[in-house]
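Structural characterization, general
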Amino acid sequence: MITNATTSNIHMDKKQLKALMRRSDRPGLKYLISWVALLVVTGIPVMLSVGTWWFIPAILLYSGCFAVSAYALSHECAHGTAFRTRWLNEAVFWVTSLLYYEEPLHRRYSHASHHTHTWIEGEDNQMPYAPIPLTFAGWVEEILGLGLYWHQTKMFVLHSLGIFSDNVKRVTPESELPRMQRNTQICVAIYVGLAAVSIWAGWMWPVYLIVLPRVLGGPIMNAFILMQHVEMAENQPNIVQSTRSFRTNWFFQFLYFNMNHHIEHHLYPTVPFHALPKLSAKLGDQLPDPDPGFLSTHWEVLKITIRRSLGRNDRSRKIRQAFSDDLTGADHDRSMA
Amino acid sequence: MTAQWHDACATDDVDDEDLITLKLADQVVAIYNTPEGFFATAGMCTHEDESLDGGLVMDGVIECPLHQGRFCVRTGKALSAPAVENLVTYELQVRDGRVWVRV
Ligand code: FES
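First things first, this report covers the structure right here in the doc. Predicted model, so just to flag it, every value in this text is computed and none were measured.

Quick look at a nonpolar patch on the surface
All names here are of chain A. Taken together, Met47, Leu194, Val197, Trp200, Trp203 and Trp205 make up a surface patch of nonpolar side chains, about 620 Å² in accessible area. No other element matches the three residues that helix α9 (residues 177-201) contributes to the nonpolar patch. Residue placement: valine 197 occurs in helix α9.

Section: the interface of chain B and chain A
The extent of an interface is frequently quoted as the accessible surface area lost upon association of the parts. Listed per partner, the contact involves 25 residues of chain B and 23 residues of chain A. Between chain B and chain A, a total of about 2,000 Å² is buried, with carbon and sulfur atoms accounting for 48% of that surface. A per-residue breakdown of the area chain B buries against chain A is headed by B:Leu56, B:Gln68 and B:Ala81, which together make up 26% of the total. With a shortest N-O distance of 2.7 Å, A:Arg23 and B:Glu63 are connected by a salt bridge. Counting the contacts that link chain B with chain A gives 16 residue pairs in polar contact (both at pLDDT 80 or more). Of all elements in the fold, only β2 (18-24) and β5 (56-58) of chain B reach the threshold of two or more residues within the side of chain B that touches chain A. At three residues, the largest contribution of residues to the side of chain B that touches chain A is made by β5(B).

Some words on the sheet that holds β2(B)
Within a sheet, adjacent strands bond to each other through the backbone by hydrogen bonds, running parallel or antiparallel. Residue and element names in this part refer to chain B. Spatial strand order, β1-β10-β9-β4-β3-β2: six strands in an open sheet with antiparallel pairing. At either end of the open sheet lies a strand with only one pairing partner, and these are β1 (5-10) and β2. Averaged over all adjacent pairs, the angle separating strand axes in this sheet is 30 degrees, with direction ignored. Strand direction decides the pairing type here: β1 and strand β10 (residues 98-102), joined by five bridges, are antiparallel. When the bridges of β10 are listed, alanine 10 appears paired with arginine 98.

Quick notes on the environment of B:Ser80
Looking at the secondary structure, you find B:Ser80 in strand β8 (residues 78-80). In sequence terms B:Ser80 and B:Arg70 are ten residues apart; their C-alpha atoms lie 5.4 Å from each other. What B:Ser80 contacts, discounting residues up to four positions off in sequence, is A:Arg86, B:Gln68, B:Gly69 and B:Arg70. Within polar-contact distance, the side chain of B:Ser80 engages the side chain of B:Arg70 at 3.3 Å.

Looking at the environment of A:Leu73
On the secondary structure map, A:Leu73 appears in helix α3 (residues 55-78). A C-alpha to C-alpha distance of 9.8 Å links A:Leu73 and A:Val95, two positions 22 residues apart in sequence.

Let's talk about helix α6 (residues 136-144) of chain A
Residues and elements named next belong to chain A. Those residues of α6 not exposed but buried are Gly138, Trp139, Glu142 and Ile143. One face of α6 carries all of its buried residues, which in axial projection span an arc of 130 degrees. Considering only its buried residues, α6 is in contact with α10 (205-227) and α15 (294-309). Two residues or fewer past α6, glycine 145 is found with a positive phi of approximately 75 degrees.

Things to note about the pattern of salt bridges
It is possible for side chains of opposite charge to pair when their charged atoms get near one another. For the coordinates displayed, the defined rule picks out 15 salt bridges over all chains. Between A:Lys14 and B:Asp53 there is a salt bridge whose closest N-O contact spans 3.3 Å. Remark: B:Asp53 occurs in the loop between β4 (37-42) and β5 and A:Lys14 occurs in helix α1 (residues 14-21); the pair is interchain, linking two chains. Judged by its relative accessible area of 32%, A:Lys14 is partly exposed. Overall, B:Asp53 belongs to the partly exposed group, its relative accessible area being 22%.

About the criteria used
Residues numbered from 1 in each chain as written. Chains lettered and ligands numbered in written order. Predicted model: local features only at pLDDT ≥ 70, side-chain atom pairs only at ≥ 80, totals over all residues. Heavy atoms only, no water. Patch = residues over 30% accessible without salt bridge, like charges linked within 9 Å, V, L, I, M, F, W, Y side chains within 5 Å. Areas by Shrake-Rupley, 256 points an atom, 1.4 Å probe, with all protein chains shown as cover. Salt bridge = Lys/Arg side-chain N within 4 Å of Asp/Glu carboxyl O. Helix = DSSP H or I, 4+ residues; strand = E, 2+ residues; numbered from the N terminus. Contact = heavy atoms within 4.5 Å. Buried area = accessible area lost by both parts, 1.4 Å probe. Polar contact = N/O pair within 3.5 Å; in protein donor to acceptor, adjacent residues only side chain to side chain. Pairing = 2+ DSSP bridges. Axes fitted to C-alpha atoms, helices over the stretch in contact; angles between N-to-C directions. Buried < 20%, exposed > 50% of the residue type's maximum accessible area, 1.4 Å probe, protein only. Arc of directions from axis to C-beta.

Take a look at the structure:
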């Protein structure tokens, strides 16, 4: 089943859309420089506070800034929309994918399947690892990202050896598999090389500024990722029903590269991150109201999963939510809603 | 069937750095207007069944609207994943303000 603007019955003037799709290096560079500056400003306290209690708040703050934007920038570059200059886009794509912990070509192909078959069970390669509808245990699993770590680690090992699952082969042309294998070997060599040099030179900064922040910032990053489709309808072609946009403050919008406009992004993925607020305004009332802020929307999601785990009414009045029988595996029926 | 020349559209029908798609001899054909001139390729992406009509033309490259696979509009060469298979290209001539394509 295909999911796009047409199957979602959304219309946009072609000229206006093309104007929004236009590329420029400037917004991406501005974001990149601001993000690196933010990492420097929040990273210095991390390095200065090692061995003290201040290290805990310092690394938590740095980790959130590190992990959410590494994911978001890698995602934007996977679409090729972060920068107009292609080599710049690809260079940033490699670095941020390494930070995010996924080989770039695999990231691009699996994400393509997510766009063609958004939230279609068995076709979208980026569905949650925990069963849907999410229980509290599933929420914990998704937020900790254990399934993702395990999956990506397996990919690094198997793809380095040239072993590809049927699922990977389903979304990747055969001619690309050798390139995927070579890329994975390069990624593994970079990880192992950095670890070896760090041990040899006695460096701790890769642990404090990359490894720990990826692990500690992972739950915040996963909370953003989970919000994109959780509790929305599965297995149907309308992106508006399967995807969530939400309001959030300027800082989270910055960290997340405006991906809170997630319905808009799925409808027109060629529109770069910096033009998404404009696209949202142009689509107007063809879109549902965005859900409330990041924290309040996620808090609702958490409450839903807890109530569901306790066998209580899992409906929310505050956020958009699919009817239970639009969620795979739900044993409730629509009358419960 | 041998290829024939078709009067496809007026040059004004295609905006600068943009494309249109139309059906000629049962084929979906994309006609591009770039600073280097007009070009014609197949109008459907080779990655999946997506029309290039909503794509972005930039620096002589068409970017597919679905997954942003890229093709050279002059040669049809697939330039970046997820597009790996080249686009078919068609001969094109501009005569008296009309675009002719051999399909
Ligand atoms: S359909 Fe064109 S790149 Fe995927």
